[in-house]
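Listed here are the chains, written in short residue letters.
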Amino acid sequence: MDTKGRVSIPASFRRVLEAGDPNWQSGDQPELVIVYGDHRRKFLECYTMEAIDEVDAKIDALPRGSMERKMLQRMFHGQSFPTAVDETGRLVLPAKLRKKIDLDKEAFFIAAGDTFQIWKPETYETEELAKAEEWLDELPDDFDPMAFLDGAGGA
């Protein structure tokens, strides 16, 4: 990350953003929405336009006035930042978002289908890798996590 808060988005992630932006055309900069969430969230989640539209449709399907709908609207509308990739393939992260996840020099990206997360590398290592290790430790020593994929997706 440079001093202006710009981070280079991996090319494969940019392709996903382009594919997920119905208004994108070759030569354009794809749009996205960064959801930063409340104080418990220690990463930024970047949604393609199609992915955030899907989330919005699910929120809209909840009963009007319900606490769930209000909270999700707050989280996805009130704690998010619509933006676009710049012409050099970078994302400009406002100071507020950088400060929220304590991002200073280096950013760690992790893909999650039609979204991706941006973490401070040290936070990812202490938070997420510890959770993964804890989860794996609960499984038998000879268990292959790929077994969870057996039958995934139906067919």
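The shown structure was predicted, so the numbers you read here are calculated from the model rather than taken from an experiment.

Caption draft 1: Representation of the overall build of the protein chain. Within the protein chain one finds 5 helices and 7 strands. Secondary structure of the protein chain in N-to-C order comes out as β-α-β-β-α-α-β-β-α-β-β-α. Taken along the three principal axes of its C-alpha coordinates, the protein chain extends 50 × 40 × 35 Å. Out of the 155 residues in the protein chain, the part that is buried amounts to 35%. Sequence separation of 24 or more characterises 61% of the internal contacts of the protein chain that already satisfy a separation of 6 or more. About 9,900 Å² of surface is accessible on the protein chain, with carbon and sulfur atoms providing 52% of the total. Charged side chains in the protein chain number 20 positive and 31 negative. The centres of these two groups are separated by 11 Å.

Caption draft 2: View of a nonpolar patch on the surface. Together, Trp135, Leu136, Phe143 and Phe148 give the surface a local cluster of nonpolar side chains, amounting to about 370 Å² of exposed area. In this structure, phenylalanine 148 sits in the segment after helix 5 (121-137).

Caption draft 3: Quick look at the UniProt feature "domain: SpoVT-AbrB" (unreviewed entry) in the protein chain. When the UniProt feature table is mapped to this numbering, "domain: SpoVT-AbrB" (unreviewed entry) covers residues 1-39 and 80-123. Counting secondary structure, residues 1-39 comes out at 23% helix and 21% strand; the distance between its end C-alpha atoms is 22 Å. Span residues 80-123 is 20% helix and 41% strand, its end C-alpha atoms 21 Å apart.

Procedures and definitions
- Residues numbered from 1 in each chain as written.
- Predicted model: local features only at pLDDT ≥ 70, side-chain atom pairs only at ≥ 80, totals over all residues.
- Heavy atoms only, no water.
- Helix = DSSP H or I, 4+ residues; strand = E, 2+ residues; numbered from the N terminus.
- Buried < 20%, exposed > 50% of the residue type's maximum accessible area, 1.4 Å probe, protein only.
- Contact = heavy atoms within 4.5 Å.
- Areas by Shrake-Rupley, 256 points an atom, 1.4 Å probe, with all protein chains shown as cover.
- Lys, Arg positive; Asp, Glu negative; His and termini not counted.
- Charge placed at Lys NZ, Arg CZ, Asp CG, Glu CD.
- Patch = residues over 30% accessible without salt bridge, like charges linked within 9 Å, V, L, I, M, F, W, Y side chains within 5 Å.
- Salt bridge = Lys/Arg side-chain N within 4 Å of Asp/Glu carboxyl O.
- UniProt positions renumbered as here; feature names shortened; annotations may be inferred.

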